[in-house]
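Summary of the model geometry
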Amino acid sequence: MTDDNVRLTGADVDWDAQAASFDDEPDHGLRDPEVRRAWAVRLASWLPARASDVLDLGCGTGSLSLLAAERGHRVTGVDASPAMVGRARAKLAGRDAVFLVGDAAAPPVGEQRFDVVLVRHVLWALPDPGRALRQWRGLLRPGGRLVLVEGVWGTVAPVGIAADALTALLAPLVVGEVRVERLSEETALWGREVADERYAVVAVV
């Protein structure tokens, strides 16, 4: 850990074991039409209007990748769990999407560059979030954007990364606009009321 304001846990979760039930959470599987619609609206506001190359890091089973592909974006998804990647490939079969098994902090995409790096609930679990952000910034084309959905969960032993800590990490990396959108009160996104801190940061570079 490199930042005292960031408390990280979760790196040791067996995500392969979680894959079968991962989509049972309303905001993971997006099976409820209202939840799915809420994420589709938010994602449309975060991504470019034109068809773009989107890198979905820690893509899980590909639910956000699918929403992006449905809007005409070309998606590359990366996840460390082969089981998650397998489900994402099945979910987006026939779409303009590629899924790779690899480390979200150092995606195996070679020299390829993207218009958007999309990351949901991943940064908080990485051992060095600042280094990951620098890596992701280098994967963007000029004028590209980082879309980071994060939060702080729990009250007894909270885990996550606060919005202020994340924007501080971004400050030396981003010359353009950095927008923070508070999402805790958007119950449609989570399928229930939540009391913890949930937000999105959109950073245009």
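Predicted model, so just to flag it, every value in this text is computed and none were measured. (Residues numbered from 1 in each chain as written. Predicted model: local features only at pLDDT ≥ 70, side-chain atom pairs only at ≥ 80, totals over all residues. Heavy atoms only, no water.)

In this model, the largest pocket occupies a volume close to 830 Å³. Lining the largest pocket are 33 residues; nearest its centre among them are W15, F22, R120, H121 and V122. Of all the secondary structure elements, the ones that give two or more residues to the lining of the largest pocket are α1 (15-22), α2 (26-29), β1 (53-57), α4 (63-70) and β2 (74-79). Here the lining of the largest pocket is built from residues that sort into 17 nonpolar, eight polar and eight charged. (1 Å grid on protein atoms, 1.4 Å probe; cavity = no way out; pocket = protein on both sides within 12 Å on 5 of 7 lines; lining within 4 Å. Points joined across faces, edges and corners; volume = space filled by probe spheres on them. Helix = DSSP H or I, 4+ residues; strand = E, 2+ residues; numbered from the N terminus. Nonpolar A, V, L, I, M, F, W, Y, C, P; charged D, E, K, R; others polar.)

We now examine the packing of aromatic side chains. Counted by the stated rule, this structure contains four aromatic pairs. Centre to centre, the rings of W15 and F22 are 6.4 Å apart; their planes meet at 80°, and the pair counts as edge-to-face. The class for F22 is buried, based on a relative accessible area of 16%. Here the aromatic rings of W124 and W153 are separated by 5.4 Å at their centres, their planes lie at 65°, and the arrangement is edge-to-face. (Phe/Tyr/Trp six-rings, centres within 6.5 Å; stacked < 30°, edge-to-face > 60°. Buried < 20%, exposed > 50% of the residue type's maximum accessible area, 1.4 Å probe, protein only.)

A separate point is the confidence of the model for the chain. Here the chain averages 92 in pLDDT, while 94% of its residues score no lower than 70. Predicted confidence for residues 1-9 stays below pLDDT 50, and this span has 25 contacts to residues more than four positions away or in other chains. (pLDDT = per-residue confidence, 0-100. Contact = heavy atoms within 4.5 Å.)

Another aspect to go through is the packing of helix α6 (residues 129-137) against helix α7 (residues 163-170). Packing of α6 against α7 brings their axes to within 10 Å, and their N-to-C directions diverge by 50°. As summarised for this structure, α6 and α7 are arranged oblique, according to the angle between their axes. Where α6 crosses over α7, the two elements pack in a sense that is right-handed. Counting all contacts with α6, which are made through P129, G130 and L133, the residues of α7 involved are L166, L169 and L170. A class-by-class count of the residues in the contact of α6 with α7 yields five nonpolar, one polar and no charged. (Axes fitted to C-alpha atoms, helices over the stretch in contact; angles between N-to-C directions. Parallel < 35°, antiparallel > 145°, perpendicular 65-115°, else oblique. Left-handed = near helix turned anticlockwise from the far one by under 90°.)

Positive phi, close to 55°, is recorded for L30, a residue that is not glycine. Tracing the backbone shows L30 in the loop between α2 and α3 (33-46). Given a relative accessible area of 4%, L30 falls into the buried group. Despite not being glycine, H121 has its phi angle at roughly 55°, a positive value.

This part is about the side chain of S65. Mapped onto the elements, S65 comes out in helix α4. The class for S65 is buried, based on a relative accessible area of 1%. Not counting the four nearest positions on each side in its chain, S65 is found in contact with D56, C59, V75, L92 and F99.

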